[in-house]
Amino acid sequence: MRSQLPIAIVGGGPAGAMAGTLLAADGRDVLLFDEKLAWEKPCGGGLTHRALQRFPFLADAGSESNPVESNPVEHCELISPSGHRVRFHLRYPIAIFSRLTLNQFLLERARRSGVELHQERVTRIARSGEDWQLVTPQQEYRASYLILAAGARNSFRSQFLSPISPSDLMVTAGYFIPGRSSLMQIQFLKGITGYVWVFPRKDHVSAGITGKMGETSTLELRRTLERWLEKHGREGQTPKGQGFHWDGARFYSHILPSLRPQTFETLEVCGENWAMIGDSAGLVDPITGEGLYYALRSAELCAGALLAGQPEDYRTLVQEEVLPELKLAARVSERFYRGKVFGDSVLEQVVSLTARSASFRDLVSDFFAGIQGYHNLRDRLYRILPAVMAEGLAGTLRLPWNSDGSVFATDTVSEYLPPAS
Ligand SMILES: Cc1cc2nc3c(=O)[nH]c(=O)nc-3n(C[C@H](O)[C@H](O)[C@H](O)COP(=O)(O)OP(=O)(O)OC[C@H]3O[C@@H](n4cnc5c(N)ncnc54)[C@H](O)[C@@H]3O)c2cc1C
C-alpha cells in the first residue's frame with residue numbers, strides 16, 4: 001500500500017522542479033505543490049559556468065530544446081568600498097536568467113517527465129502513520145515521502161529542525177529595472193557584510209543589495225541601493241547596449257540563507273521519510289549568495305539516493321560533496337568582508353590586485369565561474385604570488401588609479417570607457 005503512495009514535493013523552484021523531474025523520469029509518482037508555480041522570484045538569476053557544465057540543458061539556452069534565453073555576461077566590474085574600480089573580461093560567461101522564465105522552463109520539464117503539478121499552497125503537513133498528510137486550501141493529500149523545497153521562507157522547517165536564527169540569514173532588497181546592459185557590477189560597501197549587484201538579464205536588469213540580518217535594516221539597505229543606482233545607474237551603458245535607469249523599476253525584497261559554521265555543523269538534511277533540498281536546507285554559499293547551483297545539485301543528490309532505494313544516503317552525499325565548501329565559506333566570510341591584509345581591507349586588496357595582476361584576475365574570473373573553490377584557494381594564491389607581486393609592481397608603475405578611482409585592466413575590451421569624472 002505504502003509504496004503506491006506518491007512522493008510529495010513542497011515548492012516548485014529550481015530545487016523542487018529538478019527533484020520532481022528526475023524522480024518522475026524514473027517512473028515514480030510525484031506530486032509537486034507550489035502556491036505560485038512559475039514566478040519572478042527575487043533573485044539575481046546568475047548561473048555560473050560550473051552550474052552550466054553540470055546541467056548542460058541550461059547551457060544551450062535559446063535552442064529548440066531550451067527556448068529560455070539567458071544573457072551571457074562576459075564583463076564584470078568590481079568596485080571597492082572606497083570606490084576604486086576595475087572592469088575585466090570573465091573567462092567563462094555567467095548566464096543570467098529571469099527567474100520567471102527559468103522556473104517556467106524547469107517546471108515544464110517536470111511536467112513533461114510526469115510530475116503532477118498543483119498550484120496550491122500547502123498549509124499543513126502531518127505524519128499519518130509512516131506516511132504524510134498534506135493539507136492545502138483545496139484538498140488533502142497523502143504521500144509516502146516528503147521533499148521540502150519551499151525555499152528560504154520554509155514555514156515547515158521547525159517541524160523538522162530547530163528554527164533558523166536571524167544570524168543565519170541575509171536580507172536582500174532590489175529592483176527589476178527596465179533596460180539593457182552587458183556589464184555585471186559588484187560593489188562592496190563599508191560596514192555591510194554583503195554587496196550591491198547589478199545583473200543584466202535579456203530584457204531587464206536585476207539590481208540589488210544584500211547584508212546580514214540584524215546588521216542593517218531592509219529599509220536602510222533599500223535607501224543605500226537607491227542612492228547607488230542614482231549615482232551609478234547608467235554606468236553599465238555600452239555603445240552596444242541601451243543602458244538602464246531605474247525609473248519604472250519594480251521593488252523586491254527577500255531573505256537568503258547564510259549559515260554560520262556552527263549551524264552547518266549541526267545541519268540535518270533528511271530524516272525518516274523526509275528530505276530538505278535547496279534554500280530550505282540552507283544550501284547557499286554564505287559569501288557569494290550563490291544558491292541556484294546548490295538547489296539543483298542537492299535535488300539531484302536527493303533524487304539519486306531515493307531512486308537507489310537508500311534515501312538516507314542523501315545526508316552522506318551532501319556531507320561529502322556540498323558541505324565542505326559551504327562550511328569553509330562560512331568560516332572565511334567574516335575575514336573576507338571585514339578582514340585586513342597587507343595593511344588594507346581584503347576587499348580593497350581584491351579590487352586592487354584584480355586591476356593590477358593578470359594572474360589574480362584569472363583567479364577571480366575562475367571564482368566567479370564557480371570552478372575555483374575555497375579549498376584550494378590558498379594553494380593557488382601561494383602558487384601565483386610571485387607573478388601577482390611582479391605584475392602588481394609593474395601595474396603600479398604603469399597603471400595608477402585614475403582620478404575617478406577607476407582602473408581598466410589591460411585585457412579589458414576597449415568598448416568600456418571610464419565613467420565621466
Ligand atoms: C535577492 C536574491 C538574489 C539572488 N541571486 C542569486 C544569483 O544570482 N545566483 C544564484 O545562484 N543564487 C541567487 N540567489 C539564491 C537563489 O535565489 C536561491 O538559492 C534559489 O532560488 C533556491 O531555489 P529553491 O528551489 O531551493 O527555492 P525557491 O526558488 O525559493 O523556491 C521555493 C518555492 O517554494 C514555494 N513555496 C514555499 N512555501 C510553499 C508552500 N507552503 N506551499 C506551496 N509552495 C510553497 C515558493 O512559491 C517557491 O516557488 C539569490 C537570492 C536572493 C534572495
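Residues numbered from 1 in each chain as written. Predicted model: local features only at pLDDT ≥ 70, side-chain atom pairs only at ≥ 80, totals over all residues. Heavy atoms only, no water.

A. Quick look at the overall build of the protein. Helix and strand counts for the protein come out as eleven helices and 21 strands. Looking at the protein as a whole, 58% of its 421 residues qualify as buried. When contacts within the protein are restricted to residue pairs at least 6 apart in sequence, those whose partners lie at least 24 apart make up 71%. Carbon together with sulfur atoms contributes 51% to the accessible area of the protein, which is approximately 18000 Å² in total. (Helix = DSSP H or I, 4+ residues; strand = E, 2+ residues; numbered from the N terminus. Buried < 20%, exposed > 50% of the residue type's maximum accessible area, 1.4 Å probe, protein only. Contact = heavy atoms within 4.5 Å. Areas by Shrake-Rupley, 256 points an atom, 1.4 Å probe, with all protein chains shown as cover.)

B. How the structure looks around unusual backbone geometry. Positive phi values are uncommon outside glycine, yet Leu37 reaches one of about 55°. For Leu37, the location among the structural elements is in the loop between strand S2 (30-33) and strand S3 (46-47). With a relative accessible area of 17%, Leu37 lands in the buried category. Phi is positive for Asn273, which is not a glycine, with a value near 65°. For Asn273, the position within the fold is in the loop between strand S17 (270-271) and strand S18 (274-276). Taking relative accessible area as the criterion, Asn273 reaches 17% and is therefore assigned buried.

C. Molecular detail of a nonpolar patch on the surface. A contiguous nonpolar surface patch, about 330 Å² in accessible area, is contributed by Tyr382, Leu385 and Met389. Looking at the element boundaries, Tyr382 is found in helix H11 (residues 377-398). (Patch = residues over 30% accessible without salt bridge, like charges linked within 9 Å, V, L, I, M, F, W, Y side chains within 5 Å. Salt bridge = Lys/Arg side-chain N within 4 Å of Asp/Glu carboxyl O.)

D. Summary view of the confidence of the model for the protein. Of the residues in the protein, 89% reach a pLDDT of 70 or more, and the chain-wide mean stands at 89. A low-confidence stretch, residues 238-242 (pLDDT under 50), is modelled with seven contacts involving residues beyond four sequence positions or located in other chains. Across residues 410-421, confidence stays below pLDDT 50; counting only partners more than four residues off in sequence or on other chains, it has 27 contacts. (pLDDT = per-residue confidence, 0-100.)

E. Here's a closer look at helix H1 (residues 14-25). In this model H1 runs 16 Å from its N-terminal to its C-terminal C-alpha over twelve residues, within 8% of the 16 Å that 1.5 Å per residue would give. With ten of twelve residues buried, H1 is to be regarded as a mostly interior element. Of the positions making up H1, those classed as buried are Pro14, Ala15, Gly16, Ala17, Met18, Ala19, Gly20, Thr21, Leu23 and Ala24. In the core, the buried residues of H1 are packed alongside strand S1 (7-10), S2, helix H3 (99-113), strand S10 (145-148) and helix H7 (292-307). Looking one or two residues past H1, Gly27 carries a phi angle of roughly 95°, positive in sign. (Expected span 1.5 Å × (residues − 1).)

F. Geometry of the site of the ligand. In the vicinity of the ligand, 38 residues are found, and the nearest of them are Asp34, Lys41, Gly44, Arg99 and Asp279. One of the backbone nitrogen or oxygen atoms of Ala15 is found 2.9 Å away from an oxygen atom of the ligand. Within the side chain of Asp279, a nitrogen or oxygen atom sits 2.6 Å from an oxygen atom of the ligand. In isolation the ligand offers 990 Å² of accessible surface; the protein chains occlude 95% of this area. At four residues, strand S16 (residues 250-257) tops the list of elements feeding residues into the shell around the ligand. Of the residues belonging to the shell around the ligand, the class tally is 18 nonpolar, twelve polar and eight charged. Three or more residues apiece are contributed to the shell around the ligand by two domains, here domain 1 (2-45 + 100-161 + 267-331) and domain 2 (166-257). (Near = heavy atom within 4 Å. Polar contact = N/O pair within 3.5 Å; in protein donor to acceptor, adjacent residues only side chain to side chain. Nonpolar A, V, L, I, M, F, W, Y, C, P; charged D, E, K, R; others polar. Domains from an automatic or database assignment.)

G. How the structure looks around helix H9 (residues 346-356). Among the eleven residues that make up H9, ten are buried, leaving the element largely enclosed by the rest of the structure. Taken together, the buried positions of H9 are Val346, Leu347, Glu348, Gln349, Val350, Val351, Ser352, Thr354, Ala355 and Arg356.

H. Geometry of the pattern of salt bridges. The full count for this structure, using the stated rule, is 21 salt bridges. Measuring nitrogen to oxygen at the nearest pair gives 3.0 Å for the salt bridge that ties Arg315 to Glu268. Placement of Arg315 in helix H8 (residues 313-338) and of Glu268 in the loop between helix H6 (261-265) and S17 is noted, with a sequence separation of 47 residues between them. Residue class for Arg315 comes out partly exposed when judged on its relative accessible area of 26%. Under the relative-accessibility criterion, Glu268 is labelled partly exposed at 33%. Taking the shortest distance from any N to any O, the salt bridge between Arg297 and Glu300 comes out at 2.5 Å. Of this pair, Arg297 and Glu300 are both found in helix H7, three residues apart, which corresponds to roughly one turn of the helix. The same class applies to Arg297 and to Glu300, which are both buried.

I. Quick look at the sheet that holds strand S8 (residues 131-135). Pairing in this open sheet of three strands is antiparallel, and the strands run S7-S8-S9 from one edge to the other. Only two strands of the sheet have a single neighbouring strand rather than two, namely strand S7 (124-128) and strand S9 (140-143). Pairwise comparison of adjacent strand axes, ignoring direction, gives a mean angle of 25° for this sheet. As judged from the four bridges shared by S8 and S9, these two strands associate in the antiparallel manner. Each bridged residue has a counterpart across the sheet, and for Gln133 the counterpart in S9 is Arg142. (Pairing = 2+ DSSP bridges. Axes fitted to C-alpha atoms, helices over the stretch in contact; angles between N-to-C directions.)

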